[in-house]
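Structural overview
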Amino acid sequence: MVEPRPNTVRLQRLVRAYRESGALMAAVELGVFTRLAQGADTEAALIEALGLVPPNGERIVVACIALGLIERDGDRLRLAPDVERFLVEGEASYAGPWMLFTRPDWNEWGRLAEHLRRPGPPVLDNRAVAEMTVEEAWRYHRATYSI
């Protein structure tokens, strides 16, 4: 049996995974899934409900379709089952705050090599819980409560 020749597909997917995270976080922040669940179930209606200019609205919709977050059924759009359960605001199982919880870490993860070159542990946020501000504590509580 001949072994398949290695290629870069897996590595390319890993190195660009930030794009998938970015698209998911943007969709949550924009309310894409909530607006779709509320009945804006065509691309044009969804883009209008989001208040986006068409090219940008098309970009986020296409990204969500490519990631399997939104599914196309002819001209209609529908949510993937896990998205419908966890990413529609107002539902008891809404986990949007958890999905966005690590967003403040985004830039620092892009500089991980720099952090690792410094002596000491590569802790990106070394503050103790006792040092959290009230707003940070509420943000943490909302995020963990959502899951």
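What you see as residue numbers is a count from 1 along each chain, following the sequence as written. Two thresholds apply to this predicted model, a pLDDT of at least 70 for residue-level local features and 80 or more for giving and counting side-chain atom pairs, whereas whole-chain, interface and lining totals are computed over all residues. With hydrogens and water excluded, all non-hydrogen atoms of the structure serve as input to the side-chain values.

Some words on the environment of A80
Put simply, DSSP H or I for four residues or longer makes a helix, DSSP E for two residues or longer makes a strand, and each gets a number counted from the N terminus. With respect to the secondary-structure elements, A80 resides in the loop between strand 2 (76-79) and helix 6 (81-86). To sort residues, take the accessible area from a 1.4 Å probe on protein chains only and compare it with the maximum for the residue type: under 20% means buried, over 50% means exposed, and anything in between is partly exposed. According to the relative accessible area criterion, A80 is buried, its value standing at 3%. Along the sequence, A80 and I70 sit 10 residues apart, while their C-alpha atoms lie 5.5 Å from each other. Contacts between residues were defined by any pair of non-hydrogen atoms, one from each residue, lying within 4.5 Å. Apart from residues no more than four positions distant in its own chain, A80 is found in contact with G68, L69, I70 and E71.

Brief notes about the nonpolar core
In this structure, V32, F33, L46, C64, I70, L79 and V83 are the most contacted members of the largest nonpolar core, which totals 21 residues. Looking at this core, the elements that each hand over two or more residues are helix 2 (17-30), helix 3 (32-37), helix 4 (43-50), helix 5 (54-66) and strand 2. The residues contacting I70, other than those within four sequence positions of it, are V32, F33, L36, L46, C64, I65, L77, R78, L79 and A80. Residues enter a nonpolar core if they are buried and are Ala, Val, Leu, Ile, Met, Phe, Trp, Tyr or Cys, with the set joined through side-chain atoms within 4.5 Å.

Concerning the packing of helix 4 against helix 5
In this analysis an axis means a line fitted to C-alpha atoms, helices contributing only their contacting stretch, and an angle means the value between N-to-C directions, from 0 to 180 degrees. Between helix 4 and helix 5, whose axes approach to 9 Å, the crossing angle comes to 110°. Judged by the inter-axis angle, helix 4 sits roughly perpendicular to helix 5. Taken as a pair, helix 4 and helix 5 cross one another with a handedness that is right-handed. Residues E43, L46 and I47 of helix 4 form the contact with helix 5, whose participating residues are P54, G57, E58 and V61. Here the residues of the contact of helix 4 with helix 5 are counted per class, giving 4 nonpolar, 1 polar and 2 charged. These descriptions rest on fixed angle ranges, namely under 35 degrees for roughly parallel, over 145 for roughly antiparallel, 65 to 115 for roughly perpendicular, and the rest for oblique. Definitions for this section: a left-handed crossing has its near helix turned counterclockwise from the far helix by less than a right angle. A right-handed crossing has that turn clockwise. Under the grouping applied here, Gly and all other residues not named as nonpolar or charged are polar, the nonpolar ones being Ala, Val, Leu, Ile, Met, Phe, Trp, Tyr, Cys and Pro and the charged ones Asp, Glu, Lys and Arg.

Brief notes about the pattern of salt bridges
Here, a salt bridge means any side-chain nitrogen of Lys or Arg that lies within 4 Å of a carboxyl oxygen of Asp or Glu. Counted according to the given criterion, the structure contains 9 salt bridges. D41 is paired through a salt bridge with R76; the nearest N and O atoms lie 3.1 Å apart. Placement of the pair is D41 in the loop between helix 3 and helix 4 and R76 in strand 2, with a sequence separation of 35 residues. On the basis of relative accessible area, D41 is assigned to the partly exposed category, the value being 25%. For R78, the salt bridge is made with E71, and the minimal N-O distance between the two is 3.0 Å. Of the residues examined, R78 reaches a relative accessible area of 39% and is grouped as partly exposed. Under the relative-accessibility criterion, E71 is labelled partly exposed at 28%. Ionic contacts of the salt-bridge type, sharing partners, join the residues E108, R111, E114 and R118 into one network.

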